[in-house]
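One-letter residues, chain by chain:
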Amino acid sequence: MLDILEERLVPEAVIDEFEALSKDAGRVQIETLKKILEQNGETEYLLRCGLNGRTDSDSYKTFVPLVTHKDLEPYIHRIADGEKSSILTGKPITTISLSSGTTQGKPKFVPFNDELIESTMQIYKTSFAYRNREYPIGNGKALQFIYSSKQFKTKGGLSAGTATTNIYRNAEFKKTMRAMQTPCCSPDEVIFSPSFNQSLYCHLLCGLIFRDEIQVVSSTFAHSIVHAFRTFEQIWEELVNDIREGVLSSHITLPSVRRAMADLLRPDPELADTIYNKISGLSNWYGIIPELFPNTKYIYGIMTGSMEPYLKKLRHYGGGLPLLSADYGSSEGWIGANVNPKLPPELVTFAVLPNIGYFEFLPLREDGKHEAQPVGLTEVKVGEEYEIIVTNFAGLYRYRLGDVVKVKGFHNSTPELQFICRSNLLLNINIDKNTEKDLQLAVEEASKLLAEEKLEVVDFTSQVDLSTEPGHYVIFWEISGKAKDEIMDECCNCMDMSFVDAGYVGSRKANAIGALELRILKKGTFRKIMDHFVKLGGAVSQFKTPRCVGPANNTVLQILSSNVVKRYFSTAY
Ligand code: AMP
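Rules used throughout
- Residues numbered from 1 in each chain as written.
- Predicted model: local features only at pLDDT ≥ 70, side-chain atom pairs only at ≥ 80, totals over all residues.
- Heavy atoms only, no water.
- Helix = DSSP H or I, 4+ residues; strand = E, 2+ residues; numbered from the N terminus.
- Rg over C-alpha atoms; globule rule 2.2 N^0.38 Å.
- Buried < 20%, exposed > 50% of the residue type's maximum accessible area, 1.4 Å probe, protein only.
- Contact = heavy atoms within 4.5 Å.
- pLDDT = per-residue confidence, 0-100.
- Pairing = 2+ DSSP bridges.
- Polar contact = N/O pair within 3.5 Å; in protein donor to acceptor, adjacent residues only side chain to side chain.
- UniProt positions renumbered as here; feature names shortened; annotations may be inferred.
- Axes fitted to C-alpha atoms, helices over the stretch in contact; angles between N-to-C directions.
- Parallel < 35°, antiparallel > 145°, perpendicular 65-115°, else oblique.
- Left-handed = near helix turned anticlockwise from the far one by under 90°.
- Nonpolar A, V, L, I, M, F, W, Y, C, P; charged D, E, K, R; others polar.
- Salt bridge = Lys/Arg side-chain N within 4 Å of Asp/Glu carboxyl O.
- Phe/Tyr/Trp six-rings, centres within 6.5 Å; stacked < 30°, edge-to-face > 60°.
- Lys NZ or Arg CZ within 6 Å of the ring centre and 35° of its normal.

Asker: Help me out: how do you make sense of the overall build of the chain in this one?
Answerer: Regarding its fold elements, the chain presents 21 helices and 20 strands. Over its C-alpha trace the chain gives a radius of gyration of 24 Å, about what one expects of a compact globule, namely 25 Å for 573 residues. Within the chain, the proportion of its 573 residues that are buried is 58%. The contacts in the chain between residues at least 6 apart in sequence include a share of 70% that link residues at least 24 apart.

Dropping the structure here:
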């Protein structure tokens, strides 16, 4: 009992700590940079920059250049290959994270260390403390759709896996989940199973077994929750049967998973009947989450950015449960916590934690181009958009993350950022410029026409096709059923008209951009794309459907083009 009390997180203390840090964000940033540079001043990289032991921000900005992942790649590869010298960090790097790589088409290697674990736990605890103030939970469990990626050893013997896998495998993760009263209801064998399908099946089964104890349904990115319940719609009878008989389906073949699940499964016809009746009472699966898990207080996961398109389905499954959008970070490190949990996901902002890294912001002009010099964390202006530059405790110095954010306000003196888009995810042919968000809005507008036919867009992506003269936008849709050609023609026209950016409209009118093309994909195409990323070493937990597929993303382009069943061209202009 004492152990539990000692372990439990004290939300007030966490809130006090963040309030103090954020009130003093400017000074904390200076100290954080100093600490990073003191720890790593003797590294080959910083010596080469000529920093010579200086730890102040002016010298740092003068001597150390802005870089992208490509610039650091040779250094990171030498670390991965086992070179022992201090290349990027004073302390040796023992683990490599693989970013999901959905943008570039292949996972990137980034250094990972204990400081990143520490900041992950800090951000989890911070947002939990604010969340718990508004939506308190008691003792219970979480149905977490979390998955590990394959882990492997690099040439130099460092362990490599996705950042989420590195975190889930760390003892601190479990401790923090217990402290937050939301331990995962599934055993480790399920989380770390090498088969995504078998993990998902068992996560759902564990959720049902512990249905009364589930307080939170969550995943890292919201896509995994939607995917899980779409799958549930297909396999629920098999799950109910397992509960009735107390025997795990023969589809689950991994011995470690079978053993772990055998400890939990007992024949329970009463529970099986309850679940069966609950499901029979549903209309089109609306509200399935609170029906199956009646004590759920909220649904939690990253719902912003490329996850926004899944909100509609999530709200449908959630049947009125609060949707709480999770924090903002990347394999390169965390950035900000959602400390205003009551905001709907569309309006969520992230308050930057000023002690987990040193942050700079490169201003973006109206036309999306960069302007002048980056500014510091406390110098950003409300309403302006910036690209984020990260310096962290794991060997990244003035690293362009590639994300665009907008400053919506301040929490004390630390900015609250809204995620806008990946800066390289733009549809652009001529003078047009459409972001991931513009694409999302166009798809949403057109999918209203589908909704009238009781159909929905399961997922979507896009491509710029320059093989035609003039080039044109291609939008790919996977839809839930078959729609009439007239409806699809209308959807295609509607999307073309929904890109309201003046550059696009002007170019369309002048025929400098050709008619927008809508390509319909076979059912299951996006699943194939996800499988492809998982094969490359990515994890489902970090999967994000690429919303725009560039020419470098060859395999995805191939998967898309070989699964097209129908094409429509806009006649809107
Ligand atoms: P990865 O390192 O592969 O997990 O991808 C990190 C990227 O995911 C970030 O650079 C963002 O583009 C995106 N991302 C992470 N957190 C959020 C969030 N809360 N909202 C929107 N996008 C996010």
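Asker: Please clarify how the confidence of the model for the chain should be interpreted in this entry.
Answerer: Predicted coordinates in regions of low pLDDT should not be interpreted in detail. Summarising the model, the chain shows a mean pLDDT of 92, and 97% of its residues fall at 70 or more. Overall, residues 1-6 carries pLDDT values under 50, and its contacts beyond four positions in sequence, including any with other chains, amount to zero contacts.

Asker: Please explain the sheet that holds strand E1 (residues 95-98) as it appears in this structure.
Answerer: Across a sheet, strands are paired by hydrogen bonds formed along the backbone, either parallel or antiparallel in direction. With mixed pairing, the four strands of this open sheet are ordered in space as E2-E1-E5-E4. Each edge of the open sheet carries a strand with a single partner, namely strand E2 (109-112) and strand E4 (152-153). For E1 and E2, the ladder comprises four bridges, and the chain directions are antiparallel. Following the sheet pairing, Thr-95 is matched in E2 by Phe-112.

Asker: Would you explain the side chain of Ser-97 in this entry?
Answerer: With respect to the element layout, Ser-97 can be found in strand E1. Within the local environment of Ser-97, its side chain forms a polar contact with the side chain of Asn-166, the two groups lying 3.1 Å apart. If we ignore the near neighbours within four places in the chain, the residues touching Ser-97 are Lys-108, Phe-109, Val-110, Phe-112, Gly-161, Thr-162, Ala-163, Asn-166 and Ser-331.

Asker: Sorry, what's going on with the UniProt feature "domain: GH3 C-terminal" (unreviewed entry) in the chain here?
Answerer: Sequence positions flagged by UniProt for "domain: GH3 C-terminal" (unreviewed entry) are, in local numbering, residues 437-549. Along residues 437-549 one finds 42% helix and 19% strand; the C-alpha atoms at either end are 15 Å apart.

Asker: Just checking my understanding: could you explain the packing of helix H7 (residues 114-134) against helix H9 (residues 171-179) for this structure?
Answerer: Between two packed helices, both the angle of their axes relative to each other and the distance between the axes serve to describe the pair. Close contact between H7 and H9 brings their axes to 10 Å; oriented N to C, the two are set at 15 degrees. Judged by the inter-axis angle, H7 sits roughly parallel to H9. Here H7 and H9 pass one another in a crossing that is right-handed. Where H7 abuts H9, its residues Ile-117, Met-121, Tyr-124 and Lys-125 lie against Glu-172, Phe-173, Thr-176 and Met-177. Split by residue class, the contact of H7 with H9 holds five nonpolar, one polar and two charged.

Asker: Just checking my understanding: could you explain the pattern of salt bridges for this structure?
Answerer: Two side chains carrying opposite charge are able to pair once their charged atoms lie near each other. Per the stated rule, a full pass over the model turns up 30 salt bridges. Between Arg-27 and Glu-31 there is a salt bridge, with its nearest N and O atoms 2.3 Å apart. Highlighted residues: Arg-27 and Glu-31, both in helix H3 (residues 25-40), separated by four residues, approximately one helical turn. By relative accessible area, which is 43% here, Arg-27 ends up partly exposed. The salt bridge partner of Glu-115 is Lys-91, with a shortest N-O separation of 3.1 Å. Taken together, the residues Glu-115 in helix H7 and Lys-91 in the loop between helix H6 (69-80) and E1 connect sequence positions 24 residues apart. A residue is classified by how much of its surface remains accessible, and Lys-91, at 55% relative accessible area, is exposed. Each of Glu-44, Arg-48, Arg-78 and Glu-83 takes part in one network of salt bridges that share partners.

Asker: I would appreciate a short explanation of the sheet that holds strand E17 (residues 457-465) in the present structure.
Answerer: Taken in spatial order, the four strands make up an open sheet running E17-E18-E19-E20, and their pairing is mixed. The two strands at the open ends of the sheet, each matched to only one other strand, are E17 and strand E20 (564-569). Direction aside, neighbouring strands of the sheet carry axes that sit 20 degrees apart on average. Both E17 and strand E18 (residues 472-479) contribute to a ladder of eight bridges, which runs antiparallel. Each residue of the ladder has a partner; that of Val-457, found in E18, is Ile-479.

Asker: Is there a simple way to explain the packing of aromatic side chains in this structure?
Answerer: One pair of aromatic rings is described through two measures. These are the centre distance and the angle between the planes. All told, the structure shown has 24 aromatic pairs when counted by the stated rule. Aromatic pair Tyr-60 and Tyr-358: ring centres 6.0 Å apart, planes at 80 degrees, arrangement edge-to-face. Pair noted here: Tyr-60 is in helix H5 (residues 57-63) and Tyr-358 is in strand E12 (residues 358-363), with a separation of 298 residues, a long-range link. In this structure, Tyr-60 and Tyr-358 share a single accessibility class: buried. An aromatic cluster of at least three residues, connected via ring pairs, comprises Phe-145, Phe-229, Phe-232, Trp-236, Tyr-276, Trp-285 and Tyr-317. Positioned over the ring face of Phe-460 is Arg-547, at 4.3 Å from the centre of the ring.

Asker: Looking at this structure, I do not really get the side chain of Thr-461. What am I missing?
Answerer: Summarising the element assignment, Thr-461 is placed in strand E17. Take Thr-461: its relative accessible area is 1%, and that puts it in the buried class. Once residues within four sequence positions are removed from consideration, Thr-461 is found in contact with Val-474, Ile-475, Phe-476, Phe-526, Pro-546, Arg-547, Cys-548, Val-549 and Leu-560.

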